[in-house]
Structures are given as C-alpha cells and as structure tokens.
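# Structural description and commentary
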Amino acid sequence: MLVNLNQVLSYTKVRKFGVGMFNGLSADFYEGLIDAAEQLRCPIIIGVADRFVDRLDFEMIAEVMIFLAKRASVPVCVHLDHAKSLKNIMRAIKAGFTSVMFDGSSLPFEENIKRTREVVEIAHSVGVSVEGELGVVGRGDFDFKNPEFYTKPDEAEEFAQKTQVDALAVSIGTVHGVYKGEPKLDFERLSEIRKRVDCYLVLHGGSGLSDVDFKKCIEYGINKVNIFTDLTLAINAQLPEFVKQTEDLTPAIFEKIREIVKLEAIKKLKIFGSYNIL
C-alpha cells in the first residue's frame with residue numbers, strides 16, 4: 001500500500017527499529033526491495049536520487065514505483081532523495097510521490113530554513129511528507145576533524161521548529177559512497193539532537209557502516225536509514241560472473257538484479273530490526 005513518510009515512520013514509535021530507504025534505478029531494483037519488505041513483513045521506503053532525475057525518464061520510473069507501492073502487501077513510501085530545486089520537487093509531487101527531501105545543507109542556515117519551510121508548506125498542503133537536511137554528509141574524503149561539518153544540536157532544534165519538517169537528516173560522521181578510512185560516528189551529538197527535536201531523524205551515508213554502528217545509531221534515535229551504494233556494490237560484484245555463465249540473458253539478467261537487491265535489502269533490514277513489524 002502507498003503511504004507517506006510520516007505514516008511509514010510512525011511504526012518506529014511503537015517499536016524501536018530503523019525503516020530502510022533504498023534508492024533504485026529501475027523496476028528490478030524496486031521489485032527486489034518490495035519483495036524483501038514483504039518477506040520480512042515490514043514497512044519500506046523506495047526512492048530515487050535527485051541526481052538521476054534528468055538521466056532517467058523520471059515520470060516513467062515514477063509510474064513504476066507508485067504502481068509497485070500500491071499493489072504491495074506492506075506499507076511503501078515513494079521518496080525523492082536529495083532534491084536541491086523546487087522544480088524537481090514539484091515534478092515528484094505531480095508524479096504522485098508521497099515524500100520529498102529538500103537538501104539545503106549547502107545553503108546558509110537561515111536560507112536553508114526559509115527554503116525548506118516553503119517546500120513544507122507546498123508539500124503538506126497535498127499530504128506529502130518532507131525531509132530536510134542540516135550539516136554536511138560528505139563523500140569518502142569527509143574531514144571528520146572539522147566540527148563545522150557536523151549538525152549542531154541547537155541549530156537542529158531551531159531548524160525543526162521553524163520548518164516543521166517531518167524528518168531531519170543529520171551529520172554525525174557518515175559519508176556518501178565508499179568510506180576512506182574508519183568511520184567515526186558522534187553518538188553523543190546524535191543523542192543530544194534526539195533530545196531536542198520531535199521530528200524523525202535520518203541517517204544518510206549508511207553504506208559501509210558496521211552492524212554495530214547501525215544498531216547503535218537506531219538506539220540513539222535514528223528512525224530512517226538510507227542505503228544505495230551497498231546495493232550497487234552487490235550488483236557489481238555478482239552480476240559479471242552471472243553474465244559469463246548465462247547464455248540467455250533475457251529475462252534472466254533482470255531476475256538476477258531483482259534477486260541481488262532483495263537479498264542485500266533483507267540483510268540490511270534485519271540489521272535495522274525491520275522484521276515482523278506488521
């Protein structure tokens with residue numbers, strides 16, 4: 001069933017676990033993700049990253065995502081990830097997405113508040129949830145020693161109050177993509193942010209963290225965990241050998257991608273505590 005972000009994350013108020021948000025690129029991805037959620041009987045968020053909107057036929061993939069979500073036997077939220085423009089947010093809302101993220105983390109603090117609030121007013125008027133971001137979730141070369149990159153608890157409190165976002169992505173030392181070196185997560189900062197804000201908290205840059213790190217993040221207040229890199233790494237690792245051994249690639253290659261994504265998603269969802277929720 002198709003639900004918005006608020007509805008899918010509301011399950012974490014009853015039981016402490018992390019709802020997985022998995023970005024995809026094709027129907028095979030999304031079918032595999034929903035297969036995983038249905039097998040584990042848990043809610044799930046399927047998404048597409050803003051950087052792929054203009055590289056894919058967005059309206060076509062949106063129709064696929066929404067169709068799959070509506071026919072699923074578990075709650076599924078359809079989410080636009082890391083949008084930096086109102087244009088793409090409006091495209092997603094018009095296409096039927098139930099959740100959008102406005103990433104104003106690179107903007108000055110007050111400008112981030114202003115623009116995020118504008119998105120919230122538009123989205124909430126049509127029942128669409130909004131995620132904002134505060135702090136810097138870098139790439140693999142993230143400077144863990146720079147305190148300015150981390151989300152400040154007092155700013156998180158002000159940001160949440162003034163924007164009325166449904167969820168807030170925070171920076172506690174994770175990075176997008178593959179880590180270079182050992183992740184160093186600031187759990188004390190996360191705990192303090194959790195005490196100060198009422199909205200749901202989101203962990204970006206989850207790929208590469210240990211099982212213990214994930215569980216501790218959820219224990220300290222994370223409600224939503226984003227994953228994409230680990231899905232693509234699993235496909236890159238397994239698909240070439242499969243192609244070598246398979247003579248008829250149609251439709252076998254698509255079925256294989258669906259299977260790889262499903263199994264990788266199941267591994268992550270179990271770590272997040274997302275099983276037998278429904």
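Each chain carries its own residue numbering, running from 1 in the direction its sequence is written. In view of the model being predicted, local features appear only for residues whose pLDDT reaches at least 70, and side-chain atom pairs are presented and counted only at 80 or more, with totals across whole chains, interfaces and linings using the full set of residues. Hydrogens are left out, water is left out, and the side-chain values use all remaining heavy atoms of the structure.

## Points about the UniProt feature "binding site: dihydroxyacetone phosphate" (unreviewed entry) in the protein chain
UniProt positions are given in the numbering used here, feature names are shortened, and annotations may be inferred rather than shown by experiment. UniProt feature "binding site: dihydroxyacetone phosphate" (unreviewed entry): in the numbering of this structure it lies at Gly-177, Gly-205, Gly-206, Ser-207, Asn-226, Ile-227, Phe-228 and Thr-229. Strands here are runs of E lasting at least two residues and helices are runs of H or I lasting at least four, both read from the DSSP assignment and numbered beginning at the N terminus. Note on placement: Gly-205 falls in the loop between strand E8 (200–203) and helix H8 (211–219). We call a residue buried when its accessible area falls under 20% of the maximum for its residue type, exposed when it is over 50%, and partly exposed in between, using a 1.4 Å probe and counting protein chains only. Gly-205 gets classed as buried once you look at its relative accessible area, which sits at 8%. Within the fold, Gly-206 resides in the loop between E8 and H8. The contact criterion used is simple: two residues touch if any of their non-hydrogen atoms lie within 4.5 Å. Residues in contact with Gly-206, not counting those within four places in the same chain, are Phe-214, Asn-226 and Ile-227.

## Quick look at the side chain of Asp-81
Note that Asp-81 resides in strand E4 (residues 76–83). When charges are counted, Lys and Arg are positive and Asp and Glu negative, with His and the chain ends excluded. Whenever a carboxyl oxygen of Asp or Glu lies within 4 Å of a side-chain nitrogen of Lys or Arg, that contact is scored as a salt bridge. Although Asp-81 lies buried, it forms no salt bridge, and the closest oppositely charged side chain, Lys-224, sits 5.0 Å away as judged by the N-O distance. For this analysis, a polar contact is any N or O atom pair within 3.5 Å, provided that within protein one partner can donate a hydrogen and the other can accept it, and provided that sequence-adjacent residues contribute only side-chain to side-chain pairs. Of the polar contacts made by the side chain of Asp-81, one reaches the side chain of Asn-23; its length is 2.9 Å.

## Looking at helix H2 (residues 27–40)
An α-helix turns once every 3.6 residues. As a result, residues three or four positions apart point the same way. How far a helix is expected to stretch is found by multiplying one less than its residue total by 1.5 Å. Between its first and last C-alpha, H2 extends 20 Å over 14 residues, near the 20 Å set by a 1.5 Å rise per residue. The element H2 is extensively covered by neighbouring structure, given that 11 of its 14 residues are classed as buried. Buried within H2 are the following residues: Asp-28, Phe-29, Tyr-30, Glu-31, Gly-32, Leu-33, Ile-34, Asp-35, Ala-36, Ala-37 and Leu-40. Considering only its buried residues, H2 is in contact with strand E2 (19–23), strand E3 (44–49), helix H3 (58–71), E4, helix H9 (229–245) and helix H10 (252–271). At the C-terminal side of H2, Arg-41 shows a positive phi close to 55°.

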